[in-house]
Amino acid sequence: MYNVVPDIPTLVFSVAYYAIAVGGLGGILLFEWLPSSSKEGKLPKISLPWRAGVELGTYLFLGNAFQVIGLRTVSSDRAAFLLQLTTIFVPFLQATIAGSLQSISNRVWIASVAALMGVSVISLDSSSSGTTTAGAAASTTSLVAELSLSSGDLIIVAAAILYTFHCVRLETLAEATSAVPLALTKAVTEL
């Protein structure tokens, strides 16, 4: 689809993606509602989790919007690094809600830091590859420039924060609702 001439506008591609998701999830939900012989022909009463789906879908919609806006001025590898901050933000938010850093296991903290370091190495690798002794000063300046945050970077970090809220709230809301209606409501909200 990315090679179609003329180019398909990003918005049209996104709408098509979510329309397919809504159609597929709607079909699955309709199939669940269909009466079967074991249900004695009665349609089950399924309470759609509208509030939960709208909340989660809003986090994702805004996160995706911020990510797209940020990617206009931020390289994809740098954006990936900044979005990876969710691996640190999620346990911090969960610990804040619980009122204790010890509420999160050491394994989670270690895995979060390792993931963040791995993405850091990948994103900073492109700036340091091919550096010679003569270019060391330029490389250091480039590294310092990469460590500073631009407005595009801050927009990507805002997307990471929204994705963090989605992850933390999803854990709570998914336990209280059915999966397919929740996913359908999220997809409708994103659409």
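Anything mentioned here points back to the structure above.
Calculation rules
- Residues numbered from 1 in each chain as written.
- Predicted model: local features only at pLDDT ≥ 70, side-chain atom pairs only at ≥ 80, totals over all residues.
- Heavy atoms only, no water.
- Helix = DSSP H or I, 4+ residues; strand = E, 2+ residues; numbered from the N terminus.
- Contact = heavy atoms within 4.5 Å.
- Areas by Shrake-Rupley, 256 points an atom, 1.4 Å probe, with all protein chains shown as cover.
- Patch = residues over 30% accessible without salt bridge, like charges linked within 9 Å, V, L, I, M, F, W, Y side chains within 5 Å.
- Salt bridge = Lys/Arg side-chain N within 4 Å of Asp/Glu carboxyl O.
- Expected span 1.5 Å × (residues − 1).
- Buried < 20%, exposed > 50% of the residue type's maximum accessible area, 1.4 Å probe, protein only.
- 1 Å grid on protein atoms, 1.4 Å probe; cavity = no way out; pocket = protein on both sides within 12 Å on 5 of 7 lines; lining within 4 Å.
- Points joined across faces, edges and corners; volume = space filled by probe spheres on them.
- Nonpolar A, V, L, I, M, F, W, Y, C, P; charged D, E, K, R; others polar.
- Axes fitted to C-alpha atoms, helices over the stretch in contact; angles between N-to-C directions.
- Parallel < 35°, antiparallel > 145°, perpendicular 65-115°, else oblique.
- Left-handed = near helix turned anticlockwise from the far one by under 90°.

Draft legend 1. Molecular detail of the overall build of the chain. The secondary structure content of the chain amounts to eight helices and zero strands. Ordering the α and β elements of the chain from the N terminus gives α-α-α-α-α-α-α-α. Long-range contacts, defined here as pairs at least 24 residues apart, represent 76% of the contacts in the chain between residues at least 6 apart. Summed over its atoms, the accessible surface of the chain is roughly 12200 Å², and 68% of this surface lies on carbon and sulfur atoms.

Draft legend 2. A look at a nonpolar patch on the surface. Judged by side-chain polarity, Val4, Ile8 and Val12 come together as a nonpolar surface patch covering roughly 210 Å² of accessible area. For valine 12, the location among the structural elements is in helix 1 (residues 10-33).

Draft legend 3. The arrangement of helix 4 (residues 86-98) in detail. The end-to-end C-alpha distance of helix 4, which contains 13 residues, comes to 18 Å, matching closely the 18 Å that a straight helix rising 1.5 Å per residue would cover. Residues of helix 4 that are buried include every one of Thr86, Ile88, Val90, Pro91 and Ala95, and no others. One or two residues past the end of helix 4 sits glycine 99, with phi positive at roughly 85 degrees.

Draft legend 4. Quick look at the pattern of salt bridges. The tally for this structure, following the rule as stated, stands at two salt bridges. Linking glutamate 55 and arginine 169 is a salt bridge whose minimum nitrogen-to-oxygen distance equals 2.6 Å. Residue glutamate 55 is located in helix 2 (residues 50-70), and its partner arginine 169 is located in helix 7 (residues 151-176); the two are separated by 114 residues in the primary sequence. Taking relative accessible area as the criterion, arginine 169 reaches 29% and is therefore assigned partly exposed. For arginine 78, the salt bridge identified is with aspartate 153, shortest N-O distance 2.9 Å. Separated by 75 residues along the polypeptide, arginine 78 in helix 3 (residues 76-83) and aspartate 153 in helix 7 bring together distant segments of the chain. Given the relative accessible area of 2%, aspartate 153 is considered buried.

Draft legend 5. Spatial organisation of the layout of surface pockets. Reported here for the largest pocket is a volume of approximately 540 Å³. Contributing to the lining of the largest pocket are 17 residues, with Thr10, Ser14, Tyr18, Asn64 and Val68 lying nearest its centre. By residue number, the principal contributor to the lining of the largest pocket is helix 1, which donates seven residues. Tallied by class, the residues present in the lining of the largest pocket amount to twelve nonpolar, four polar and one charged.

Draft legend 6. View of the packing of helix 4 against helix 7. The N-to-C vectors of helix 4 and helix 7 enclose an angle of 50 degrees; their axes lie 9 Å apart at closest approach. Classified by the interaxial angle, the pair formed by helix 4 and helix 7 is oblique. Crossing angle aside, the handedness with which helix 4 passes helix 7 is right-handed. In this structure, helix 4 uses Thr86, Phe89, Val90, Leu93, Gln94 and Ile97 to contact helix 7, whose residues at the interface are Val157, Ala160, Ile161, Tyr163, Thr164, Phe165, Cys167, Val168 and Glu171. Considered class by class, the residues forming the contact of helix 4 with helix 7 number eleven nonpolar, three polar and one charged.

Draft legend 7. Broad picture of the environment of tryptophan 50. With respect to the element layout, tryptophan 50 can be found in helix 2. For tryptophan 50, a relative accessible area of 48% corresponds to the partly exposed category. Distance in space between the C-alpha atoms of tryptophan 50 and leucine 184 is 9.4 Å, their sequence separation being 134 residues.

Draft legend 8. Representation of the environment of leucine 182 within the structure. Mapped onto the secondary structure, leucine 182 falls in helix 8 (residues 179-190). Residue classification places leucine 182 among the buried residues on the basis of a relative accessible area of 4%. Sequence spacing of leucine 182 and glycine 53 is 129 residues, and the spatial spacing of their C-alpha atoms is 5.2 Å. With sequence-adjacent residues up to four places away left out, leucine 182 is seen in contact with Pro49, Ala52, Gly53, Leu56, Leu170, Ala174 and Thr177.

Keep in mind these numbers describe shape, not what the thing actually does.
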